[in-house]
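If you want the building blocks of each chain, they are given just below.
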2 protein chains.
Amino acid sequence: HRDAAVDLAEAEEFVRRVHAEHPDLGSPDARLAAVRAQVAATGTYCHTSVELAFGAKLAWRNASRCIGRLYWRSLVVRDRRYVTRAESIFDELVQHLHTAGSPARRAIRPVLTVFAPARPGVPFARVWNEQLIRYAGYRAEDGSVVGDPRYVQFTEAVTERGWRGKHSPFDVLPIVVQTPDEGVRVFELPESAVWEVPLAHPDLPWFAELELTWHAVPAISNMRLSIGGVEYPLAPFNGWYMGTEIGARNLADADRYDLLPVVARRMGLDTSSDRTLWKDRALVELNRAVLWSFDRAGARISDHHTESHRFLEHVRKEERAGRPTPADWTWIVPPMSSAATPVFHRYYTELDLRPNFYPDEEAA
Amino acid sequence: HRDAAVDLAEAEEFVRRVHAEHPDLGSPDARLAAVRAQVAATGTYCHTSVELAFGAKLAWRNASRCIGRLYWRSLVVRDRRYVTRAESIFDELVQHLHTAGSPARRAIRPVLTVFAPARPGVPFARVWNEQLIRYAGYRAEDGSVVGDPRYVQFTEAVTERGWRGKHSPFDVLPIVVQTPDEGVRVFELPESAVWEVPLAHPDLPWFAELELTWHAVPAISNMRLSIGGVEYPLAPFNGWYMGTEIGARNLADADRYDLLPVVARRMGLDTSSDRTLWKDRALVELNRAVLWSFDRAGARISDHHTESHRFLEHVRKEERAGRPTPADWTWIVPPMSSAATPVFHRYYTELDLRPNFYPDEEAA
Ligand code: HEM
Ligand code: HEM
């Protein structure tokens, strides 16, 4: 569909919504006429700054898998639609990470950087990375993996292009920018752009000896942002972490860092049978370590209990504003102690509202 | 729809399936003709013993919320279609519980007892109880509840009919049988029919002092069994427990026994903030106590890890037999440590296949 002209009905609905939720903008009529004329002449139209910023916020508000939406109005939107050269794109990604958070400021804020929209029939720039910061995975002859098994293929692809990792379990991957004019370029992130948090545990001194670490800023870089019929193939965004993403998924999943057996052994648990609930016990301690370490480092992170309450607050707020909150139960409900969180005990409206973020079939 | 005649298409499809999965029964043609004739004459038809037993097993196999379906062929089906008097129904429920499990045999097996089908336009017998064994809930003046808050209303209803509970936290509720001829009758379950397991913890000696207990047999008694167009409004069934049903729901939910704060306090946890994950820690210990105590008592119970693996084995087995396994992710995935179980990491076919069990709108 990227070769087709912008869907005028979607464009008009979006413009009307922007005006409806911004009474100060007045009637949408003049703007609607301008959009219609631009689409007729060029097949697409150019968002105003207000439309772009509000469109990105709406995309977040409509992201039915996201539990963190109470804060949707606070999104910082960086308009970089004019940036198209590979090196400039990379510089802006680095700048994005600096804006998102730094140990010096001890703060993390939600940021989205939007690059050029897709124009009908014209190739566009993209970034291969799923997230701006992720760790390499190296598969050994015996099939075992050092690092994050999820990124073994990505690591091999960048290695083929000359990147050299240190083969540590937490090597930050380089950014791969692909532009129509310059092809594929590989850039190493400067250390200053990558805030990392070494993990330790409030009660278990040996935990620090595991030498685990995780990055403070989760920045998804492979989703397409769709606003009023215009597609932005490159629009990386970040929030702050919810602890379980790290402690109950990235570090715990059997096909990721698979650390439950490691933690359980150090805890001295009986791992001979699942029935002793050793996985459950190790899982809780791993998650305590994540929350405690992030707090110690001043890196904002939320726990799944608090974020669940906030999400329900969001649902209530939206209800009061007369809006449904589309939500996907299977993603909203946290991946541990789920019935102990209030989001477990209800159903949600499932709706695909635009603007929104979509998986990019063409991204890595 | 209970006043309407049996849906012939559904009846025929069922008879064909029975014959298809029982090659020894030969061609379904003669039976199909008989069913058609019976429906034409009476508006319904009478299941053969084979159809009834296999129909009940299919209803289990099609129960998309049930993780325990690997064992569907092992269901013991008790044909009590001829039992209609209140006292006889009650006796059969007692007998069901004896068949399902007893401390003497140290075993629990899946059993279903099927009573008379609904006939077009004719009132039928039912049982008010959601499960055959459940505990009373008593609301005090100050709003607090002794026992299970879920059954406060039920407890009030039976109290109005003369039942007197001991006001302990674990008073087994009486069975309420309602028949067209005899109205509502209240029966006390004999102690011998109620296998109970006192809860203690493998490592925490104070746990036994909480004086918690739970019944060994979960027997759902308010679902309608629908087989080949015939509705069985009273067809209680039981399996064995998965530990989380007790430890992560019945005893843990804030609107049930709400024991996480109690356990956490005894564990000496810092409950000042959710961020210490005190709920998660208490939850794990509560569930360890459940599994360990049931094991000690010889009451079969499965843990969520093992049952998850078995369910995926069931899905694979069904696949090999060329059948889909309809499943509801939100019910199949266990309510704690969910991402640590393999059922979390995939999607399922959602299908409403018959035979099946349905919530009975007319039951309490
Ligand atoms: C502010 C703090 C935020 C928190 C705590 C948060 C939390 C989460 C969590 C826990 C998930 C599920 C992730 C997973 O299981 O893989 C998620 C998904 C998602 N979030 Fe948020 N989020 C935040 C900010 C944002 C922002 C700023 C955006 C966009 C502007 C956003 C858009 C999304 C989207 C599109 C998904 C689905 C991703 C996918 O399909 O893979 N979130 N969020
Ligand atoms: C053999 C051991 C069994 C195990 C371990 C098991 C496990 C479970 C679990 C964990 C649930 C979810 C309960 C909840 O969250 O409230 C469930 C639901 C269900 N099971 Fe099973 N089950 C077993 C046997 C059976 C049998 C024998 C039947 C019927 C013949 C059955 C039919 C169902 C149905 C209909 C539901 C959904 C109940 C509802 O909608 O409230 N199960 N099962």
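Quantities reported herein were computed from a predicted structural model and do not represent experimental measurements.

### As for the coordination of the iron atom of ligand 2
At step 1: Looking at the iron atom of ligand 2, one finds just one donor atom contributed by the protein, Cys66 of chain B (SG), at 2.3 Å.
At step 2: With respect to the helices, strands and loops of the structure, cysteine 66 of chain B is situated in the loop between helix 3 (49–61) and strand 1 (76–79).

### Regarding the interface of chain A and chain B
At step 1: Contacts between the two partners involve 40 residues from chain A, matched on the other side by 40 residues from chain B.
At step 2: For the chain A and chain B pair, buried surface summed over both sides reaches about 3100 Å², with 53% attributable to carbon and sulfur atoms.
At step 3: Counting across the chain A and chain B interface gives 6 salt bridges.
At step 4: The partner of arginine 275 of chain B in a salt bridge is aspartate 303 of chain A, and the shortest N-O contact between them spans 3.6 Å.
At step 5: One can count 16 residue pairs in polar contact (both at pLDDT 80 or more) joining chain A with chain B.

### Quick look at the pattern of salt bridges
At step 1: Tallying each qualifying case throughout the model produces 52 salt bridges over all chains.
At step 2: Across the pair arginine 31 of chain A and glutamate 51 of chain A runs a salt bridge, and its minimum N-O distance is 2.6 Å. Highlighted residues: arginine 31 of chain A in helix 2 (residues 29–42) and glutamate 51 of chain A in helix 3 (residues 49–61), separated in sequence by 20 residues. The burial state of arginine 31 of chain A is the same as that of glutamate 51 of chain A; both residues are buried.
At step 3: A salt bridge links glutamate 92 of chain B to arginine 80 of chain B, with the nearest nitrogen and oxygen atoms 3.0 Å apart.

### So, the site of ligand 2
Residue and element names in this part refer to chain B.
At step 1: Taken together, the neighbourhood of ligand 2 is formed by 18 residues, with Trp60, Arg65, Cys66, Phe237 and Asn238 sitting nearest.
At step 2: The separation between a nitrogen atom of ligand 2 and a polar side-chain atom of tryptophan 60 is 3.3 Å.
At step 3: Split by residue class, the shell around ligand 2 holds 12 nonpolar, 3 polar and 3 charged.

### Some details on the relation of the copies chain A and chain B
The two chain copies are related to each other by a rotation about an axis together with a translation along it.
At step 1: Rotating chain A by 180 degrees about the axis while translating it 0.0 Å along that axis superimposes it on chain B, leaving an RMSD of 0.0 Å. Such a combination of turn and shift is consistent with a two-fold rotation axis.

### Details of helix 1 (residues 8–21) of chain B
All names here are of chain B.
At step 1: Here helix 1 spans 20 Å end to end across 14 residues, near enough to the 20 Å set by a 1.5 Å rise per residue.
At step 2: Residues Glu10, Ala11, Glu12, Phe14, Val15, Val18 and His19 constitute the buried set of helix 1.
At step 3: Near the N-terminus of helix 1, the side chain that reaches the backbone nitrogen of alanine 9, with its oxygen 2.9 Å away, is that of aspartate 7.

### Describing a positive patch on the surface
All names here are of chain A.
At step 1: Residues Arg73, Arg316, Lys317 and Arg320 make up a contiguous surface patch of positive charge.
At step 2: By the element assignment, arginine 73 lies in the loop between helix 3 and strand 1 (76–79).
At step 3: When its relative accessible area of 55% is taken as the criterion, arginine 73 is described as exposed.

### Quick word on the packing of helix 7 (residues 260–267) of chain A against helix 8 (residues 278–297) of chain A
The geometry of a pair of packed helices is captured by two quantities: the angle between their axes and the separation between those axes.
Residues and elements named next belong to chain A.
At step 1: One can describe the packing of helix 7 onto helix 8 by two numbers: an axis separation of 9 Å at closest approach and a directional angle of 95 degrees. On the basis of their axis angle, the class for helix 7 and helix 8 is roughly perpendicular. Contacts between helix 7 and helix 8 pair Leu260, Pro261, Val263, Ala264 and Met267 from the former with Trp278, Lys279, Arg281, Ala282, Leu283, Glu285 and Leu286 from the latter.
At step 2: A class-by-class count of the residues in the contact of helix 7 with helix 8 yields 9 nonpolar, no polar and 3 charged.

Rules behind the numbers
- Within every chain, residues take consecutive numbers counted from 1 along the sequence as written.
- Each chain gets a letter, beginning with A, and each ligand a number, beginning with 1, in the order they are written.
- Residues qualify for local features only when their pLDDT is at least 70, as the model is predicted, and side-chain atom pairs are given and counted only at 80 or more; totals for whole chains, interfaces and linings, by contrast, use all residues.
- Side-chain calculation: all heavy atoms of the structure are included, whereas hydrogens and water are not.
- Here a donor is any nitrogen, oxygen or sulfur atom (N, O, S) within 2.8 Å of the metal, with 3.2 Å used for Na, K and Ca; water is not among the atoms considered, so some sites may look incomplete.
- The helix count covers DSSP runs of H or I at least four residues long, the strand count covers runs of E at least two residues long, and both are numbered beginning at the N terminus.
- By definition, residues are in contact when any of their heavy atoms lie within 4.5 Å.
- Put simply, buried area is the surface a 1.4 Å probe can reach on two separate parts but cannot reach once they are joined, added for both.
- Salt bridges are defined as contacts in which a side-chain nitrogen from Lys or Arg sits within 4 Å of a carboxyl oxygen from Asp or Glu.
- N or O atoms closer than or at 3.5 Å make up a polar contact, with two conditions inside protein: a donor-capable atom paired with an acceptor-capable one, and, for residues adjacent in sequence, both atoms drawn from side chains.
- When a residue's accessible area, from a 1.4 Å probe over protein chains only, is under 20% of the maximum for its type it is buried; when over 50% it is exposed; and in between it is partly exposed.
- A molecule or strand has a residue near it when one of that residue's heavy atoms lies within 4 Å.
- In this classification, the charged set is Asp, Glu, Lys and Arg, the nonpolar set is Ala, Val, Leu, Ile, Met, Phe, Trp, Tyr, Cys and Pro, and all remaining amino acids, among them Gly, are polar.
- Overlaid copies result from least-squares superposition on C-alpha atoms, with residues included only where pLDDT is at least 70 in both.
- Expected helix span is given by 1.5 Å per residue-to-residue step, counting one fewer step than there are residues.
- Excluding any residue in a salt bridge, patches collect residues exceeding 30% relative accessible area, merging like charges within 9 Å and nonpolar Val, Leu, Ile, Met, Phe, Trp and Tyr side chains within 5 Å.
- Accessible surface area values rest on a Shrake-Rupley calculation with a 1.4 Å probe, where residue burial reflects the displayed protein chains alone.
- When charges are tallied, Lys and Arg are placed among the positive residues and Asp and Glu among the negative ones, while His and the ends of the chain are skipped.
- Where a charge sits is defined by one atom per residue type, namely NZ (Lys), CZ (Arg), CG (Asp) or CD (Glu).
- Between the N-to-C directions of two axes lies an angle of 0 to 180 degrees, each axis being a line fitted to C-alpha atoms and, for a helix, fitted only over the stretch in contact.
- For classification, angles of less than 35 degrees are called roughly parallel, those exceeding 145 degrees roughly antiparallel, those between 65 and 115 degrees roughly perpendicular, and all remaining angles oblique.

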